[in-house]
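# Notes for the structure review
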Amino acid sequence: MNKIFDVPLYAFDRSPDQDAVTPVRHKVILIGAGPVGLAAAIDLAQQGVEVVVLDENDKVSFGSRAICFSQRTLDIANRLGCGQPLLDKGVRWDRGKVFFDNRQVYDFNLQPDEGVANPAFINLQQYYLEQVLVERVQALQAEGAPIEIRGRNKVGAIGTHDDHVRLEVETPEGPYTVEADWLIACDGANSSARKMLGIDFEGRIFEDNFLIADVIMEADFPSERWFWFDPPFNRGQSALLHKQPDNVWRIDLQLGWDIDKEREKRPENVIPRLKAMLGEDVEFQLEWVSIYTFQCRRMEDFRRGRVLFAGDSAHQVSPFGARGANSGLQDIDNLGWKLKLVIDGKAPDSLLDSYNVERVQGADENIQCSSRSTDFITPKSQMSRLLRDAVLDLSEHYEFARPLVNSGRLSEPCTYDGSSLNSADALNGPTQTRPGSVCPDAPMGDAFLLPMLAGKYTLLTIDADAPDMLVEDGIEVTRLALSVKDDPSMALKNRYLGKADGAVYLIRPDQYVAARRDSYEENAFRQAIRRASGKE
Amino acid sequence: MSDLILTPNINDADGFYAGLLAAHDGLDKAESDALNARLVLVLANHVGDNSILTQALQAAALTDR
């Protein structure tokens, strides 16, 4: 089998910067060519911002790592011009089973929303996501976009200044110095950028270890998420089975705290555990094994002057709920357009502080959800185990107990209630589209609503009048005029109007609602645009 | 917001209490603990309203009296 993680995707290539007499100054440098760094680079390059990505390696990540990608991530990927290959390769799933002890207690169907372009989730190995993103970078380069990835470029020191950042970079052909107006650190949970700047990363360490194994097998297990609490094959612990493309199955086995990690990782110890779970006669190959201890923590501020942190470098969560990579992509979704406006001088520098506020809110929500999942999966006291087991026992017999079962609350985009970019709600409309919410999708004939809202400020009018274009202090807002008649399924009406006859929405470039009213009122919307660009 | 009822509200108090004891008859400590835990969850679901449940948690803690 061809292992894509063995082949360099962005091999070292000597940069002219290494021979420059005075350090070359770039607009934006990103550290880390993982999913978050690559997505951020694509987002900026698509907007014409010059970016350089530095990564100490030259390949996609080893092992499947993040495997579960949410609808919001797919919507973001569409905006970045690479949603389709992810859908084509990913495994779609919407069903799951929950087991307790030796029996199935219930099964579920996520019941995907009707009238949205993307499925609730797909499973895909992280290396495939990275490969798709690298291919998108290459396509942008072919179109002449100002984007570059430098493999085997390891940042050894960071100097911060009022109006730029200076980096010392180590390469196979020696060190060089380079500068950038802005630096985005997407270098993961063990972020060296964070350490070099001496910034704390505080939080809660969970005393537990998990064995993750990717196995290749021709098995009859369906494309479902199977989760076991206290199964006979892993007594007192939990287990998870989930399908990925290429007949690769992700298996997570909780091991407890007091173990010998090196010993547990050896195939002679892993294989008997897997056989106990899958059955003695199931044939499989072990592709990747890892043991991790997880933590829930974040930086206090995701911004330090000209340095911005995104993804795991800024916040870390337990894996239950797929809230790691998905939240990292929500970070860059929030950051890209703001940085572009600040670079172009169309918004004050303080707009970037709203990145910190909004994404800290997102991170806190994710940390709370994943901490609660962890407390359910790994009860910390006799009484919490008793209550947990009571929930599971009841869930087998009564539907009411099933929402209490917590094997991971799957990633959802954060609603930025209280953000300074929001204007007061002036529509008696559905709560799901109140200011601060991400726009829900809706069918528009053969197409969908979300792509029509991507990458620019939009004045969305639904059975309401407004000018086709509004310019407020350099910010251009274009109108998208729709009618409830455009969508016979009534999703547009139900999601955006509710009982109202018409509505005008101001939508941010990241497809979030900034303001809404029952009709167009020029002064109110001019003020809303100012607020949504950090000017009020 | 409605208030948690903390005045007598069970129409046959003695009958209910006898039933509660009877449900635990013949159970060992672990089984009884599990039954109580399930009972709390069943009753909480019936109540549903989180503000009442929060008041119930506070009332049961006996800390503010």
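Residues numbered from 1 in each chain as written. Chains lettered and ligands numbered in written order. Predicted model: local features only at pLDDT ≥ 70, side-chain atom pairs only at ≥ 80, totals over all residues. Heavy atoms only, no water.

### Examining the packing of helix 2 (residues 71-79) of chain A against helix 8 (residues 325-343) of chain A
The relative placement of two packed helices comes down to the angle between their axes together with the axis-to-axis distance. Residues and elements named next belong to chain A. Taken N-terminus to C-terminus, the directions of helix 2 and helix 8 make an angle of 40°; their axes are 9 Å apart at the nearest point. For the element pair helix 2 / helix 8, the angle class is oblique. Crossing of helix 2 over helix 8 shows left-handed handedness. On helix 8, the residues that touch Arg72, Thr73, Ile76 and Arg79 of helix 2 are Asn326, Leu329, Gln330 and Asp333. Tallied by class, the residues present in the contact of helix 2 with helix 8 amount to 2 nonpolar, 3 polar and 3 charged. (Axes fitted to C-alpha atoms, helices over the stretch in contact; angles between N-to-C directions. Helix = DSSP H or I, 4+ residues; strand = E, 2+ residues; numbered from the N terminus. Parallel < 35°, antiparallel > 145°, perpendicular 65-115°, else oblique. Left-handed = near helix turned anticlockwise from the far one by under 90°. Contact = heavy atoms within 4.5 Å. Nonpolar A, V, L, I, M, F, W, Y, C, P; charged D, E, K, R; others polar.)

### A word on the side chain of Arg72(A)
Residues and elements named next belong to chain A. Position of Arg72 relative to the elements: it lies in helix 2. Within the local environment of Arg72, its side chain forms a polar contact with the side chain of Asp333, the two groups lying 2.7 Å apart. Of note is the side chain of Arg72, whose polar atom sits 2.9 Å from the side chain of Gln511. In contact with Arg72, not counting residues within four places along its chain, are Gln330, Asp333, Pro413, Val438, Leu450, Asp510 and Gln511. (Polar contact = N/O pair within 3.5 Å; in protein donor to acceptor, adjacent residues only side chain to side chain.)

### Quick notes on the nonpolar core
Of all hydrophobic cores here, the largest spans 97 residues; its most connected members are Leu167(A) and Leu506(A). Counting contributing residues per domain, this core is built from domain 1 (4-9 + 23-90 + 119-199 + 296-366) and domain 3 (431-532) of chain A, each supplying no fewer than three. Once you skip the residues sitting within four places of it in the chain, Leu506(A) turns out to touch Tyr457(A), Thr458(A), Leu459(A), Val477(A), Tyr512(A), Val513(A), Ala514(A), Ala515(A), Phe525(A), Ala528(A), Ile529(A) and Ala532(A). Judged by nonpolar contacts, the second largest core, of 30 residues, contains Leu240(A), Cys296(A), Val405(A) and Ala37(B). (Core = buried A, V, L, I, M, F, W, Y, C linked by side-chain atoms within 4.5 Å. Buried < 20%, exposed > 50% of the residue type's maximum accessible area, 1.4 Å probe, protein only. Domains from an automatic or database assignment.)

### What about the interface of chain A and chain B?
Taken together, the contact between chain A and chain B spans 8 residues of the former and 7 residues of the latter. Summing both sides of the interface, chain A and chain B together bury roughly 680 Å²; the carbon and sulfur share of this comes to 88%. For chain A, the biggest contributors to the area lost against chain B are Leu386(A), Leu394(A) and Phe400(A); these three give 60% of the whole. Our count for the contact surface shared by chain A and chain B stands at 0 salt bridges. (Buried area = accessible area lost by both parts, 1.4 Å probe. Salt bridge = Lys/Arg side-chain N within 4 Å of Asp/Glu carboxyl O.)

### As for the side chain of Gln125(A)
Residue and element names in this part refer to chain A. Among the structural elements, Gln125 can be located in the loop between strand 7 (121-123) and helix 4 (126-142). Assessed through its relative accessible area of 0%, Gln125 is described here as buried. Engagement of the side chain of Gln125 in a polar contact is seen with the backbone oxygen of Pro245, the distance being 3.2 Å.

### A word on helix 1 (residues 35-46) of chain A
All names here are of chain A. The end-to-end C-alpha distance of helix 1 is 16 Å, a good match for the 16 Å that 12 residues give at a rise of 1.5 Å each. In terms of burial, helix 1 is largely enclosed, as 11 of its 12 residues are buried. When we look at burial in helix 1, the residues that qualify are Pro35, Val36, Gly37, Leu38, Ala39, Ala40, Ala41, Ile42, Asp43, Leu44 and Ala45. At the C-terminal side of helix 1, Gly48 shows a positive phi close to 85°. (Expected span 1.5 Å × (residues − 1).)

### Some thoughts on the sheet that holds strand 18 (residues 295-298) of chain A
Hydrogen bonds along the backbone pair up the strands of a sheet, which may run parallel or antiparallel. Residue and element names in this part refer to chain A. Spatial strand order, 12-18-21: 3 strands in an open sheet with antiparallel pairing. The open sheet terminates on both sides in strands that have one partner only, identified here as strand 12 (202-205) and strand 21 (315-316). Relative to strand 21, strand 18 runs antiparallel, the two sharing 2 bridges. From the neighbouring strand, Arg297 faces strand 21, where its bridge partner is Gln316. Across the sheet, helix 9 (residues 351-377) lies against strand 12, strand 18 and strand 21, angled at about 165° from strand 18, the strand it touches most. (Pairing = 2+ DSSP bridges.)

### Considering helix 10 (residues 382-397) of chain A
Taking 1.5 Å per residue, 16 residues should reach 22 Å; helix 10 of chain A reaches 23 Å between its end C-alpha atoms and fits that length. Looking at helix 10 of chain A, one finds that the buried residues are Leu386(A), Arg388(A), Asp389(A), Ala390(A), Val391(A), Leu392(A), Leu394(A) and Ser395(A). The inward-facing, buried residues of helix 10 of chain A abut strand 5 (95-100), strand 6 (103-109), strand 14 (224-229) and helix 9 of chain A together with helix 2 (29-47) of chain B.

### Brief notes about unusual backbone geometry
Note: most peptide bonds trans; most residues except glycine with negative phi. Here Asp101(A), not a glycine, exhibits a phi torsion of approximately 60°, which is positive. You can see Asp101(A) is positioned in the loop between strand 5 and strand 6.

### Looking at the packing of helix 1 of chain A against helix 8 of chain A
Residues and elements named next belong to chain A. Viewed as axis vectors pointing N to C, helix 1 and helix 8 meet at an angle of 25°, and their least axial separation amounts to 9 Å. Our classification of the angle between helix 1 and helix 8 gives roughly parallel. The handedness of the crossing between helix 1 and helix 8 is right-handed. Contacts from Pro35, Val36, Ala39, Ala40, Asp43 and Leu44 in helix 1 reach Gly328, Leu329, Ile332, Gly336 and Leu339 in helix 8. Per-class residue counts for the contact of helix 1 with helix 8 are 8 nonpolar, 2 polar and 1 charged.

### Comments concerning the packing of aromatic side chains
Residue and element names in this part refer to chain A. Going through the model one piece at a time under the given rule, you end up with 19 aromatic pairs over all chains. Between Tyr520 and Phe525, the aromatic rings sit 5.6 Å apart at their centres with planes inclined by 10°, giving stacked as the arrangement. Each of the two residues, Tyr520 as well as Phe525, counts as buried. Through a chain of ring-to-ring contacts, the aromatic side chains of Phe206, Phe210, Tyr292, Phe294 and Phe320 assemble into a single cluster. (Phe/Tyr/Trp six-rings, centres within 6.5 Å; stacked < 30°, edge-to-face > 60°.)

### Here we look at the domain arrangement of chain A
Residue and element names in this part refer to chain A. For chain A, the domain assignment lists domain 1 (4-9 + 23-90 + 119-199 + 296-366), domain 2 (207-293) and domain 3 (431-532). Look at where the C-alpha atoms of domain 1 and domain 2 centre, and you get two points 30 Å apart. Counting residues at the interface gives 14 residues for domain 1, matched by 13 residues for domain 2. Surface buried jointly by domain 1 and domain 2 totals about 1200 Å² across both partners, of which 54% is contributed by carbon and sulfur atoms. The tally of links from domain 1 across to domain 2 stands at 1 salt bridge. Counted by class, the side of domain 1 that touches domain 2 contains 7 nonpolar, 5 polar and 2 charged residues.

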